[in-house]
Every structure is written in structure tokens, then in C-alpha cells.
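# Architecture at a glance
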Amino acid sequence: MTIHSHPTTPFAGQKPGTSGLRKKVRVFAQPNYAENFIQSVFDVVERAPGATLVIGGDGRFHNRVVIVQAIRMAAANGYGRVLVGQGGILSTPAASHVIRKYGASGGLILSASHNPGGPDEDFGIKYNIANGGPAPEAVTDAIFARTQTIDRWLAVPGEVDLDRLGTNLVGDMTVAVIDPVADYAELMESLFDFAAIRRAVAGGFTMAFDAMSAVTGPYAVEILERRLGFAAGTVRNGTPLEDFGGHHPDPNLVHARELYDAMMAPDAPDFGAASDGDGDRNLIIGRHRFITPSDSLAMLAANAHLAPGYAGGLKGIARSMPTSAAADRVAKALGIPCFETPTGWKFFGNLLDAGKVTICGEESAGTGSDHVREKDGLWAVLLWLNILAVRGVSVDALAREHWAKFGRNYYARHDYEAVDSAAANALIAELTQALPSLPGRVVGPLTVAAADSFSYTDPVDGSVSAGQGLRVLFACGSRIVFRLSGTGTEGATLRVYLEAYSATDIDRETPAMLADLIAAAEAIAGIARHTGRTRPDVVT
Ligand code: G16
């Protein structure tokens, strides 16, 4: 086997963010850029000689180029086997499952998730460890440190036909091109009551699933249409496209507007759902009823025992700090712990591995369980379908019943995108400094009870992650959280998370319930003064 050593020099800014390294395609396409990052991964991650590596991506522009190069580099770096999805496709949850099922030492997932794709848009690489989950901060810090000193990358010559299922050799390494859907579909069938869902479908239950021209199309067609019997055409935009058809594959009320409108129409199907670029996020909309991701987590947790995979009950629930406290109320009622982690799925990994939690979720449309170590869009859809099929109720009826029992956490996230980075940092710095003086401050009808910068101590390994978002808590139980996104590729994105709880008032409009908080966010943080923006770009 001939190993070529290519001299290189470090690039600035290869620090993984909330979920891997995300940059514009033109940044990744520079000579040595992707290679430096991948070599840095191979230089620092733990593995035995001849280990297995999983590689797959969401099918976005530039995927195939990087996948073939990563395979050549894996061969030169001593891996014994690469498992790669046919066509370079593997959804993030499917990759997580494949890593676990085949005992791989880790995986490279090529995706920028919900960010747009195409020659002028976004690309990303993240590394997942042997448990199938995103690399924890200790590993991403080591990868970043290595990117700053790297002076060569290794590769062997060779080509791979990513479209042909089967096994090849690249250098001395085996490359198995695998069916990206089969293992995942089998896992879903083991967790959920497919027979009950099939009966509901036969009885006239209908749904619309928007794959947003991204990776979940093939998975959704196989599971929803072929295995569960939903009508052909239930899966919309089901062919993965390199540019996602020019859209943002982000399942929210802005980018999945067509689905939302269809679900609010008089002839709406019973159930609507969407997933994102790499298949780990989900959007749930019942007929005439939108469910926030925070509520979805709570409602799934309260009913999960109706699915065979969770019939034994839940060990615990975990949610990211900005996610609403709706799930906490369910955990309390179930008598199980609820953990509050920083934003980023990687923070759930230890809790799941230690058996402390079964279900996790985030306000950013992520929900998942201990079946893999990533959030999982189709899993959430199937758990909803299982629950609705067994209970024979509508999404709206289930939501109302839930709120009547637990009260309702009215919730919204306001995003200010592509803000000047210096202005966004100044806002956070000024607010951080003001935190100690905030308690007691009266803003309209609200009084600040406490304010802090969220710091997390991992209960399993004791690691501390500080500076994870600024929290302003009001005497009435309402809350505002301010933080900067770690997944953007242009300037900074300021996220403002708003939450108001009512035990009894469960049928109000969200904007009206949050109006005082929106005004308070402006008064406390000076968003317009710092950013020049008077309204958010995206409200979810
Ligand atoms: C990633 C992370 C999530 C996080 C989301 C938003 O999701 O895996 O844990 O909640 O980003 O992060 P931020 O608020 O920092 O932009 P994805 O779907 O983009 O991989």
C-alpha cells in the first residue's frame, strides 16, 4: 500500500461548534481544508488498529468529493474497514445506529444539518464516537488543537463507486457500500407498534411528511409508505437534492410553510411532519394544531409507554436549558429525574450511556432516545404515530388533555440572523455584566427574580461547561434566555428564547401570552441598540 504524505499548513478557525465544523462550501473546497480537519480527527481519536469507521452524509453539494477523499485518508491512517452509505447517504440517526450496530470506533458525518446547500451555501463535518454520539468537548477541543499544528495529511490512491452496493479495497482497507435505510428501518420496527399504525392507516388515518428534498426521503418512503401503508405521495419532496431544491431544509414554521398551510387547511390530513437536512430534527403539526418541540418532548414522554420499545417506562428525561420546562412537569408526575443540559446533543451522551435518561429533547426540533446517540426525526414521527394509533385521539385532543393536566408552557424562539459578530458579542458582554444587578428590576408587569449565566456540571464525568446562555427568570415563573448560536456560518445568530407558564389558561394565542416578555427582552438586552434590528428574522 502506497501512502502519500501531503505537506500542509494550519487554517485558522477550524473549531467545531455546537455540532461539528460548519463553513461555506467555498471555504471547505480550498486545497487541504477538509483534509486538514479530517487528518486532525484521525490524529487524535482513540481506536484500535484496523478499526471500523462509518462515513455518510446528507447528500448536499460537495458530499461525494469529501467522502471519497475521507476514504482514501482512512486507509492511509490504519483503519481496517469503512462502512459508507450508498450514494454517500446516511442520515445522522442512521449513522449513529450503524456505528453502534457494527462496533465501529466512530464515524464522520458530512452535513450542515438544516443550513442550506449548494456551491455558495454550507457544508459541515462532524465526528461521532464509538457510542454513536457526537464527540464530547474534550475530543472536539483536542481535534481543534491538532488543526492548529498540523503539517501533513495522509492518503492512499484509489477510487470508490459510491453507488454500487458491495465491498471493495482501497489500499489495504475494506470499503463496504451499504444500504443506508435497511438497518435503520429494522430498528424502528423493533421499537414501535407497526401493526397498530397499519390498522389506523387502514381505518383512514392520513398524514403528510415533508422530507424537504433532504436525506430523510428514502427512509420515509420505505417506512411510511412501504412498511406502514400510507398512500403513495404521503412523502413530499422525497428525493434528496444537492441544494435541497434551493430551500433551507429546516423544519420550522418559516421553511416548512407549505406543510403548515396544508395542515391548517379545511381538508388537512390527520398528521403532518417534516425533517431536516440530515434527518435528526422533526416538526410535528396535527390537523389544525402546531406542537412546539418543547411540548412534543413532554407529550411523547408522558405517552411513550404505549410504544413496545418503551413499555417498561422511562428512566429519566433530559432537555437542553433553553427548552421549556414542560417536560419537567411530566418527569415530576412520573417520579423520574429531569436533567437540564447545555444546547448540543453531545451533552446527552453521558446521561444516555449511564442509563440515567431514556428520552431527550431540545427546543430546536430535536427529540430522541437511548436507541441511538443522536436526535432522530423519523423516530419522533413514529412515536407520535404509535401513540395516536393506540389512543385513537387527534393531535389536538392529545395536546388539550396534556395541557389540562400539566398546564401550558407558552414558548417561542426569536432568531436574529447574520448579525454583526462584534455587535452580538457586545450585547452578550453587556448583559453578562448586568446580570448581578437585574434581580428586583421591574419591566412592565414583570419583576426579575434571578439572572445568571448557565453553567453545567456533567453528573457522570464531572466536566464543567460554562457560559452556556444567559437566563433571566421572573417572579411569575416566566423566563427569557439569550445565547449566540453555535451552528451559523455567517456573522452571529442571536437566539432569544421566551417562555411563559399558565396552569389554567391553556387556550390563549402564544404571541399574546409572550408580548410582555418580548418587550422585556428588548428593555433588558437592548437588542435594537446593539444589532440595529427591530424584529427577529425567524420566529419558531
Ligand atoms: C445542532 C445541535 C443541537 C442544537 C442545534 C442548535 O443541531 O445538535 O443540539 O440544539 O444545533 O444549536 P445552536 O442554537 O447553537 O445553533 P443540528 O440539527 O444543527 O445538528
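Our subject is the structure listed above.
Here's what I pulled together on the structure shown here. (Residues numbered from 1 in each chain as written. Predicted model: local features only at pLDDT ≥ 70, side-chain atom pairs only at ≥ 80, totals over all residues. Heavy atoms only, no water.)

## Some thoughts on the sheet that holds strand β3 (residues 52-57)
What counts here: At least two DSSP bridges between two strands are required for those strands to pair. Only runs of H or I of at least four residues qualify as helices and only runs of E of at least two qualify as strands under DSSP, and these elements are numbered from the N terminus. Comment: axis = line fitted to C-alpha atoms, over the contacting stretch for helices; angle = value between 0 and 180 degrees taken between N-to-C directions. We call two residues contacting when some pair of their heavy atoms lies within 4.5 Å.
If you walk across this open sheet you meet the seven strands as β2-β6-β5-β3-β4-β9-β8, and the pairing is mixed. The open sheet has two edge strands, β2 (21-24) and β8 (166-170), and neither has a second partner. Averaged over all adjacent pairs, the angle separating strand axes in this sheet is 20°, with direction ignored. Across the sheet, helix α3 (residues 63-76) lies against β3, β4 (81-89), β5 (106-110), β6 (122-129), β8 and β9 (173-178), angled at about 170° from β4, the strand it touches most.

## Structural notes on the pattern of salt bridges
Stated precisely, the cut-off is as follows: Salt bridges, as used here, are contacts in which a Lys or Arg side-chain nitrogen is within 4 Å of a carboxyl oxygen on Asp or Glu. Burial classes follow relative accessibility: with a 1.4 Å probe on protein chains only, a residue under 20% of its type's maximum area counts as buried, one over 50% as exposed, and anything between as partly exposed.
Under the definition given, this model contains 37 salt bridges. A salt bridge links Asp415 to Arg495, with the nearest nitrogen and oxygen atoms 3.0 Å apart. Linking Asp415 in strand β19 (residues 408-419) with Arg495 in strand β26 (residues 492-502), this pair joins segments that are 80 residues apart in sequence. Using a relative accessible area of 2% as the deciding quantity, one classes Asp415 as buried. Among the residues examined, Arg495 registers a relative accessible area of 10% and is labelled buried. When the shortest N-O distance is used, the salt bridge between Glu430 and Arg529 registers 2.8 Å.

## Focus on the pairing of β5
Across a regular strand the side chains alternate sides, sitting on one face of the sheet and then on the other. Burial analysis of β5 places five of its five residues in the buried class, the great majority of the element. Judged by which residues are buried, β5 turns out to be covered on both faces: Gly106, Leu108 and Leu110 on one side and Gly107 and Ile109 on the other are all buried. Here five bridges tie β3 to β5, and the two strands are oriented parallel to one another. By the bridge assignment, Val54 is partnered in β5 with Gly107. For β5 and β6, the ladder comprises five bridges, and the chain directions are antiparallel. What sits directly across from Leu108, in β6, is Tyr127.

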